[in-house]
Amino acid sequence: QVQLVESGGGLVQAGGSLRLSCAGSGRTFRTYTMGWFRQAPGKEREFVAAIGWSGSGTSYVDSVKGRFTISRDNAKNTVYLQMNSLKPEDSAVYYCAADFSPFSFDYDKSKNENEYEYWGQGTQVTVSP
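What you see as residue numbers is a count from 1 along each chain, following the sequence as written. Side-chain atom pairs in this predicted model are given and counted only at pLDDT of 80 or more, local residue features only at pLDDT of at least 70, and totals for whole chains, interfaces and linings cover all residues. To get the side-chain values, take all heavy atoms of the structure and skip hydrogens and water.

## A word on the state of the cysteines
Disulfides are covalent bonds that connect the sulfur atoms of two cysteines.
Then, in step 1: Pairs of cysteine sulfur atoms within 2.5 Å are what we label disulfides. Counting across every chain of the model gives 1 disulfide.
Then, in step 2: With its sulfur 1.9 Å from that of its partner, Cys-22 forms a disulfide with Cys-96. Disulfide Cys-22 to Cys-96: torsion about the S-S bond roughly 50 degrees, handedness right-handed. Of this pair, Cys-22 sits in strand E3 (residues 18-25) while Cys-96 sits in strand E9 (residues 92-99), and the two are 74 residues apart along the sequence.
Then, in step 3: Taking the relative accessible area as the measure of exposure, Cys-22 reaches 1% and is therefore buried.
Then, in step 4: The class for Cys-96 is buried, based on a relative accessible area of 1%. Numbered from the N terminus, helices here are DSSP runs of H or I no shorter than four residues, and strands are runs of E no shorter than two. For every residue, the accessible area obtained with a 1.4 Å probe (protein chains only) is divided by the maximum for its type, and the residue is called buried under 20%, exposed over 50%, and partly exposed between those limits.

And the structure:
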């Protein structure tokens, strides 16, 4: 059974940092593009960041560029999202997702949630003013 489990969310003050983790099991994720998405109350889910299977390809939504960094440790089947200089508007439930297209990274497709086959349950991030 394929599972993605996010952790690392919590409450932080504006300007602070959090590191989210997404641990995969039930399948080897090292050959797949992994993404982070978020959904705030009353809003649609939006793309945040993605990383290709080798880690050399990444993409970000403009609003987090320079503040968030996505990375992966394929030996641990884990993807990370380092979030710095957090703002109240970053508050949302953050989801990781896996795109089971092996050994490929498409910059534009990586931003499309419809490209991802598996999703985690999400972790809440709340940034206070």
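## A look at the environment of Val-93
Then, in step 1: As for its position among the elements, Val-93 is in strand E9.
Then, in step 2: Contacts between residues were defined by any pair of non-hydrogen atoms, one from each residue, lying within 4.5 Å. Apart from residues no more than four positions distant in its own chain, Val-93 is found in contact with Phe-37, Arg-38, Gln-39, Gly-122, Thr-123 and Gln-124.

## Concerning the packing of aromatic side chains
Then, in step 1: Ring pairs are drawn from Phe, Tyr and Trp, using the six-membered ring of Trp, whenever the two centres fall within 6.5 Å, and their geometry is named by plane angle: stacked under 30 degrees, edge-to-face over 60, tilted for the rest. Scanning the model with the defined rule gives 8 aromatic pairs in all.
Then, in step 2: An angle of 50 degrees between the planes, with centres 4.6 Å apart, marks the rings of Tyr-32 and Phe-100 as tilted. Placement of the pair is Tyr-32 in the loop between E3 and strand E4 (33-39) and Phe-100 in the loop between E9 and strand E10 (118-119), with a sequence separation of 68 residues. The same class applies to Tyr-32 as to Phe-100, namely buried.
Then, in step 3: An angle of 75 degrees between the planes, with centres 5.6 Å apart, marks the rings of Phe-37 and Phe-47 as edge-to-face. Residue Phe-37 is found in strand E4, and its partner Phe-47 is found in strand E5 (residues 46-51); the two are separated by 10 residues along the sequence.

## Here we look at the nonpolar core
Then, in step 1: In these notes, a set of buried Ala, Val, Leu, Ile, Met, Phe, Trp, Tyr and Cys residues joined through side-chain atoms within 4.5 Å is what counts as a nonpolar core. One finds Trp-36, Leu-81, Met-83 and Tyr-94 to be the most contacted residues of the largest nonpolar core, which totals 29 residues.
Then, in step 2: Those elements that provide at least two residues to this core are E3, E4, E5, strand E7 (68-73), strand E8 (78-83), E9 and strand E11 (123-128).
Then, in step 3: Take this core: its biggest share by element is 4 residues, from E9.
Then, in step 4: Residues Phe-37, Phe-47, Ala-97 and Tyr-116 belong to the second largest nonpolar core, which totals 5 residues.

## Let's talk about the pairing of E4
Then, in step 1: Counting buried positions along E4 gives 6 out of 7 residues, so the element sits mostly inside the fold.
Then, in step 2: Strand pairing follows a simple DSSP-based rule, namely that at least 2 bridges must link the two strands. For E4 and E5, the ladder comprises 5 bridges, and the chain directions are antiparallel. When the sheet's bridge partners are listed, Trp-36 is paired in E5 with Ala-49.
Then, in step 3: Between the end of E4 and the start of E5, which pair antiparallel, lie 6 residues, with Gly-42 showing a positive phi angle near 80 degrees.

## A look at unusual backbone geometry
Then, in step 1: The phi dihedral of Asn-77 falls on the positive side, at around 55 degrees, and the residue is not glycine.
Then, in step 2: Along the chain, the position of Asn-77 falls in the loop between E7 and E8.
Then, in step 3: Phi at Phe-103 is positive, roughly 55 degrees, even though this residue is not glycine.
Then, in step 4: In this fold, Phe-103 is placed in the loop between E9 and E10.
Then, in step 5: On the basis of relative accessibility, which here comes to 52%, the residue Phe-103 falls in the exposed class.

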